Amino acid sequence: MELRQLEYFVAVAEEQNFTRAAERVHISQSGVSAQIRQLERELGAELFDRSARSVTLTVAGKAALEHARAALAAAGAVGQAVGEVTNLIRGRLTVGMVIGCTLTPLFDALAAFHEAYPGVEITLLEDSSDRLVEGVRAGAVDLALIGAATATPDGLDALTIISERLIAAVPAGHPLAKQRRVTLRDLAAYPIVCMPPGTGLRAVFDQACAAQGLQPAIALQASAADAIADLAARGLGVAVLSNSMGESYRDRLTVRTIDDVETPALLALIWTSARNPAVRELLAHSRRAFTEINPDRR
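This write-up is about the structure you can find in this document. (Residues numbered from 1 in each chain as written. Predicted model: local features only at pLDDT ≥ 70, side-chain atom pairs only at ≥ 80, totals over all residues. Heavy atoms only, no water.)

1. Notes on the environment of Gln 35
Item 1. Structurally, Gln 35 can be placed in helix α3 (residues 29-43).
Item 2. With relative accessibility at 12%, the residue Gln 35 sits in the buried group.
Item 3. Here the alpha-carbon distance between Gln 35 and Gln 5, two residues 30 residues apart in the chain, equals 5.8 Å.
Item 4. Contacts of Gln 35, omitting those with residues within four sequence positions, involve Arg 4, Gln 5 and Tyr 8. (Helix = DSSP H or I, 4+ residues; strand = E, 2+ residues; numbered from the N terminus. Buried < 20%, exposed > 50% of the residue type's maximum accessible area, 1.4 Å probe, protein only. Contact = heavy atoms within 4.5 Å.)

Structure representation (structure tokens):
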């Protein structure tokens, strides 16, 4: 049994697809399949049910998965321990980023980290906040920038980057543009353009509507703030964004704070442990990068 076989096994289990797993570990699909077959022969049991379109774990596979992850983590810890005493950081980091994120400080932090530690391979994964939280909990993602509602996820370490209220944005001729105060009930009379489920901003909006028994019509959804603003500017709906997002579009949209949604939408970095020296260093670079745009984080 080899570590690379365990790595391929974990990749297929998490991706539920041989092709995606092969792309993740940077070898051919046939190579992954061959190594998994060899591992199954050595263990004397099939690890995957290949009969359906998506690959699923068998009972034996489920029993083996956590042990395989632990073995890979232990092997990685050996290199990290040696790296710490020799001041040499190597390895691999998987960084998650919520879909539609346009905060360049994260990219600045990654660039500065890469320059300081070129021996660390960085993988950037874009996904919904919910799935990124799951990835961090499972150990598949080392550090993630997510959107959250009210508080950061339980059981994870977190650094809140931004905490902002929600706003409604409409073109100048829209009826809401003439109001000084805008409430959720006001918004419910019009089609809404907002981010999809799984994002922190959408969670705040949905929870606030549910608390008042409102069911606004979500006409259009987009992951990028620019797309949401463009759709609203064309009269296709009322845009629901965070305060800093709305400020960027005041040249073409009238922005109003949603008066009765006091719960903020959060943007936060999350991780499970900073024992990994590479994670510690990337956190340090991230803190510096985000502090430059938000001095209050000091």
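2. Regarding the packing of aromatic side chains
Item 1. Applying the stated criterion to the full structure yields 3 aromatic pairs.
Item 2. Measuring from centroid to centroid gives 5.2 Å for Phe 113 and Tyr 117, while their planes differ by 45 degrees, and the two rings are tilted. The pair formed by Phe 113 and Tyr 117 is uniform in burial state, with each residue classed as buried.
Item 3. Taken together, Phe 9, Phe 18 and Phe 48 form an aromatic cluster joined through their ring pairs. (Phe/Tyr/Trp six-rings, centres within 6.5 Å; stacked < 30°, edge-to-face > 60°.)

3. Notes on the layout of surface pockets
Item 1. Estimates place the volume of the second largest pocket at around 480 Å³.
Item 2. Contributing to the lining of the second largest pocket are 25 residues, with Leu 103, Ser 242, Ser 244, Met 245 and Leu 267 lying nearest its centre.
Item 3. At the level of elements, β5 (143-149), β6 (157-164), α8 (200-211), α9 (225-233), α10 (243-247) and β12 (265-271) are the ones that each hand at least two residues to the lining of the second largest pocket.
Item 4. With 3 residues, β12 is the largest single contributor of residues to the lining of the second largest pocket.
Item 5. Broken down by class, the residue content of the lining of the second largest pocket amounts to 14 nonpolar, 9 polar and 2 charged. (1 Å grid on protein atoms, 1.4 Å probe; cavity = no way out; pocket = protein on both sides within 12 Å on 5 of 7 lines; lining within 4 Å. Points joined across faces, edges and corners; volume = space filled by probe spheres on them. Nonpolar A, V, L, I, M, F, W, Y, C, P; charged D, E, K, R; others polar.)

4. Brief notes about the environment of Ala 208
Item 1. Following the sequence through the fold, Ala 208 ends up in helix α8.
Item 2. Linking Ala 208 and Leu 110, residues 98 residues apart in sequence, is a C-alpha distance of 35 Å.
Item 3. Excluding anything up to four places from it in sequence, Ala 208 contacts Leu 184 and Val 261.

5. Quick word on the packing of helix α1 (residues 3-15) against α3
Item 1. The geometry of α1 relative to α3 is characterised by a closest axis approach of 9 Å and an angle of 110 degrees between their N-to-C directions. Taken together, α1 and α3 sit at an angle that is classed as roughly perpendicular. Of the residues in α3, those in contact with Arg 4, Gln 5, Leu 6, Tyr 8, Phe 9 and Val 12 of α1 are Val 32, Gln 35, Ile 36, Gln 38, Leu 39 and Glu 42.
Item 2. Here the contact of α1 with α3 is composed, by residue class, of 7 nonpolar, 3 polar and 2 charged. (Axes fitted to C-alpha atoms, helices over the stretch in contact; angles between N-to-C directions. Parallel < 35°, antiparallel > 145°, perpendicular 65-115°, else oblique.)

6. Examining the pattern of salt bridges
Item 1. Per the counting criterion, the structure on display carries 16 salt bridges.
Item 2. Across the salt bridge formed by Arg 92 and Glu 121, the nearest N and O atoms sit 3.7 Å from each other. Taken together, the residues Arg 92 in strand β3 (residues 91-98) and Glu 121 in strand β4 (residues 120-127) connect sequence positions 29 residues apart.
Item 3. Looking at Glu 121, the relative accessible area reads 33%, which means it is partly exposed.
Item 4. Through salt bridges that share partners, Glu 14, Glu 15, Arg 20, Arg 24, Glu 66 and Arg 69 make up one connected network. (Salt bridge = Lys/Arg side-chain N within 4 Å of Asp/Glu carboxyl O.)

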